[in-house]
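Now for the letters of each chain:
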Amino acid sequence: MSEPAATEIDLNAAFQSAIAHHQAGRLSQAEMLYRVVLQAMPNHPDANHNLGVIAMQLGQLDQALPLLHTALVNHLGHGRFWLSYIDALLRANRADEARQWLEQGQRGGLAGPEVEALLQRLNAPVTPVRVKPGKGQPSLGEQKALVALFNQGQLSPCEQAARRMTEHYPRHVLGWKTLGAVLIQLGRNAEGVQAMRQAAQLAPKDVEILSNLGVALTQMAQYEEAEHSYRRGLKLQPKSANLHAYLADALFLQNRFADAIRHARQAIAQDPQHIVAHHNLGAALRSHSQLMEAETALRRALELAWNYPSAHANLANVLKDQSHLEEAEKHLRIALEMMPHNRLIRSNLLFTGVYSHAITPEQLYADHCEQGQLIARQAGPRCTWSRTLAATPKRVGFVSADFFHHAVSYFVEPVWGGLRAQGMQVLAYYSGKTFDSVSARLQKQCDVWRETAALSDDELAQQIIDDEVDILIDLSGHTAGGRLPVFAKQPAPVQVTWLGHPATTGLPGMHWRITDVHAEPPGMTEHLNTERLYRMPEVFCCYQPSASPDPFAGLPADQDGRFTFGCFNNFAKVTPPVIACWGEILRQTPHARLLLEVHGAQDAAFVQDIRQRFVTAGAQATQIDILPRQANQQYVLYRQVDLALDPFPCCGGTTSCDSLWMGVPFVTLAGRSFVSRMGVTLLHNAGLDELIVDSEAQYIAKAVALAHDLPRLRALREGLRERVMASPLMDAPRFAGHFVQALHEMWAAREQG
């Protein structure tokens, strides 16, 4: 009897996820999940209806009509189903059928403004837009006056005039076209898109309308529908540089990088001076691991328009990928001069600072405080809520954009299970746009799962209040998709940041940051945090690896005769001091090599550039082996590594956990901030304190000594996975107990003021 119940639950979860994807504009993922539901329940009214709506959004009326018909006949009492089906019939020029269904619906009580609009469309069929002046269309003077208001930037008067024109002349395209454009400029994209769609229906061959509609849909994250609009335009004007450039952006935002590159290049072929095309090409090339070409494209965009903040910001990202952090910081600060309130640029600046050797912890703290204050100001007034609070916390919310195959998932699963085992309820607020097998697993491991990417900050804050969350935990910080403005509004009594960002948020209203006694000993870093520090007694996280091979038995050097140092961290962490340090290690160990895994290493020029940096630092070119970063290599490459090297000042986190799990110890340099002491706490908890050093000279000496003392290294590696499994790093029940205790103490501290 349990099997059907499980199927029903899974189908319901699939349907709810489909709705969330649909609302967020992820039409392909929504369509897939709706079809999963329909495979099991072919007459499911809502799934049929929503799949039909997607088909209408994509202009596929032949597919939409049978779906909408199935929805309606299986749920005749749902007014929305009547409206959608009749609308689709009208769009398909099947007016007689539309009239019959509308009359039938009215006899059953169908009424309201939308019904009146359908009647108006039935009784006043669309006529061609370009007709001679006369009855039914505005005079030339009215048209010129409306265009003048728009061109002069008088947006409010223009909106009013455009609305009057759509009311008086609903079959004339200019009113709808102008209304859509002005609403989009006013930031009211949803209303603007509705007007643009009406304009596109009246003038289906107006390329400007299709282009503007695509831009608005892109701004609303409706990328697939935007793509469809651009492609309709390109059928009419296949050599339009603008359309190719904008389509490249929509494809890039769907992670279809090769297609984006192709269309950006087509735009440039039509117009070599097209600034946006060069910019979009650079962004796509970066994501396609072609860093040097990306840098060239973005520098070209800046040659054409130096005052292009997005080009500066994206060039900074490319430079950061290459670990040219000081130049990256320069371009980010230029971008901020032009767009001082842009949160994304500021967040990129913070992460560049986290990686950089040239920024002190104090300067990094000041930058975080500035960002936190800006977020708080932009977020507006704090929430007001009133409810009786329990003596102990019961409902714990986790906010993240990374509930998918991401490092965060390794660490939250053990905690969620522990919280629920001790009677707490776990609520997940997922603001990401990817839903995979890990997402599905996490969804089953919490009490409430909400997909919130489509919610505004105000809406999400209100949802959290309605859910009566006691303690709200941020797992993203300043990373992509983070929802710190929600925390600035303080929708929960206690707010905590953990895992996602390796520094303070700088945000007023973020009460605590979770760390541990080894990463941040008392008295060391309080001045670098706006939050109160809660120090876990052993370690700040609990590691749960995914499926992985066994560690290499013995030393890889015994098999191939060559000692291998390795580092698989983000190459942005490999700063000039790190290269100088590792170059000296290689100079003193000519029998050894360094194995790196680097995003962008498909680019031979970039590989040669990296190799030359190490040669300048004292290594031989033949000692540097560089592999492109690939998802399926997360663990297997460690089977080639004898000893890992931790970068500095930004140490490894998940990567270091992976290394220990695969039986490979690493050397770390202890700094004076959390980001430079993650290696300290991981090694201490694994029982490898002897690999923690306090200076670069000690770092070099330790690595060189172990490369020459293979018996000692074998002893360190022997049974390392088993020791890690038995350590606090992987003792999930123990860590969960500490985490629950932490939440209780934070709750009690709130009561004590």
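Structural data are supplied above this passage.
It should be emphasised that the depicted structure is a prediction, and the values quoted were computed from it without experimental measurement.

**Things to note about the pattern of salt bridges**
Side-chain pairs of opposite charge can arise whenever the charged atoms involved come near each other.
Phase 1: One pass over the structure, following the stated rule, counts 38 salt bridges.
Phase 2: Across the salt bridge formed by R163 and E191, the nearest N and O atoms sit 3.4 Å from each other. Here the residue R163 occupies a position in helix 9 (residues 155-168), and E191 occupies one in helix 11 (residues 189-202), the gap between them amounting to 28 residues.
Phase 3: On the basis of relative accessibility, which here comes to 29%, the residue R163 falls in the partly exposed class.

**Examining the pairing of strand 2 (residues 425-430)**
Consecutive residues of a regular strand have side chains that alternate between opposite faces of the sheet.
Phase 1: Judged by how many residues are buried, strand 2 sits mostly within the fold: 5 of 6 residues are covered.
Phase 2: The pairing of strand 1 (residues 395-400) with strand 2 spans 6 bridges and is parallel. Within strand 2, the residue paired with R395 across the bridge is Q425.
Phase 3: On the question of chirality, the crossover connecting strand 1 to the parallel strand 2 by way of helix 22 (residues 407-421) is right-handed.
Phase 4: Sheet topology note: the strand 2/strand 3 (residues 448-451) ladder contains 4 bridges and is parallel.

**Observations regarding the pairing of strand 7 (residues 532-536)**
Phase 1: Burial within strand 7 is extensive, with 4 of its 5 residues counted as buried.
Phase 2: Judged from the 5 bridges that link them, strand 6 (residues 512-516) and strand 7 form a sheet pairing that is parallel. Looking across to strand 7, one finds that T515 is bridged to R535.

**Comments concerning the packing of helix 19 (residues 325-338) against helix 20 (residues 343-355)**
Phase 1: One can describe the packing of helix 19 onto helix 20 by two numbers: an axis separation of 10 Å at closest approach and a directional angle of 160°. The pairing of helix 19 with helix 20 is recorded here as roughly antiparallel in orientation. Of the two elements, helix 19 crosses helix 20, and the hand of that crossing is left-handed. Residue-level contacts link L325, A328, E329, L332, R333, A335 and L336 of helix 19 to I345, R346, N348, L349, T352 and Y355 of helix 20.
Phase 2: Taken together, the residues of the contact of helix 19 with helix 20 break down into 8 nonpolar, 2 polar and 3 charged.

**Overview of the side chain of D367**
Phase 1: Within the secondary structure, D367 sits in helix 21 (residues 361-379).
Phase 2: At a separation of 3.2 Å, a polar atom in the side chain of D367 contacts the side chain of R333.
Phase 3: The residues touching D367, leaving out its near neighbours within four places in the chain, are R333 and L350.

**Concerning a nonpolar patch on the surface**
Phase 1: Nonpolar side chains collect at one region of the surface, where W306, M338 and M339 lie side by side and expose about 280 Å² of accessible area between them.
Phase 2: Position of M338 among the secondary structure elements: in helix 19.

Definitions and limits used
Residues numbered from 1 in each chain as written. Predicted model: local features only at pLDDT ≥ 70, side-chain atom pairs only at ≥ 80, totals over all residues. Heavy atoms only, no water. Salt bridge = Lys/Arg side-chain N within 4 Å of Asp/Glu carboxyl O. Helix = DSSP H or I, 4+ residues; strand = E, 2+ residues; numbered from the N terminus. Buried < 20%, exposed > 50% of the residue type's maximum accessible area, 1.4 Å probe, protein only. Pairing = 2+ DSSP bridges. Right-handed = clockwise from strand over helix to strand, strands pointing away. Axes fitted to C-alpha atoms, helices over the stretch in contact; angles between N-to-C directions. Parallel < 35°, antiparallel > 145°, perpendicular 65-115°, else oblique. Left-handed = near helix turned anticlockwise from the far one by under 90°. Contact = heavy atoms within 4.5 Å. Nonpolar A, V, L, I, M, F, W, Y, C, P; charged D, E, K, R; others polar. Polar contact = N/O pair within 3.5 Å; in protein donor to acceptor, adjacent residues only side chain to side chain. Patch = residues over 30% accessible without salt bridge, like charges linked within 9 Å, V, L, I, M, F, W, Y side chains within 5 Å. Areas by Shrake-Rupley, 256 points an atom, 1.4 Å probe, with all protein chains shown as cover.

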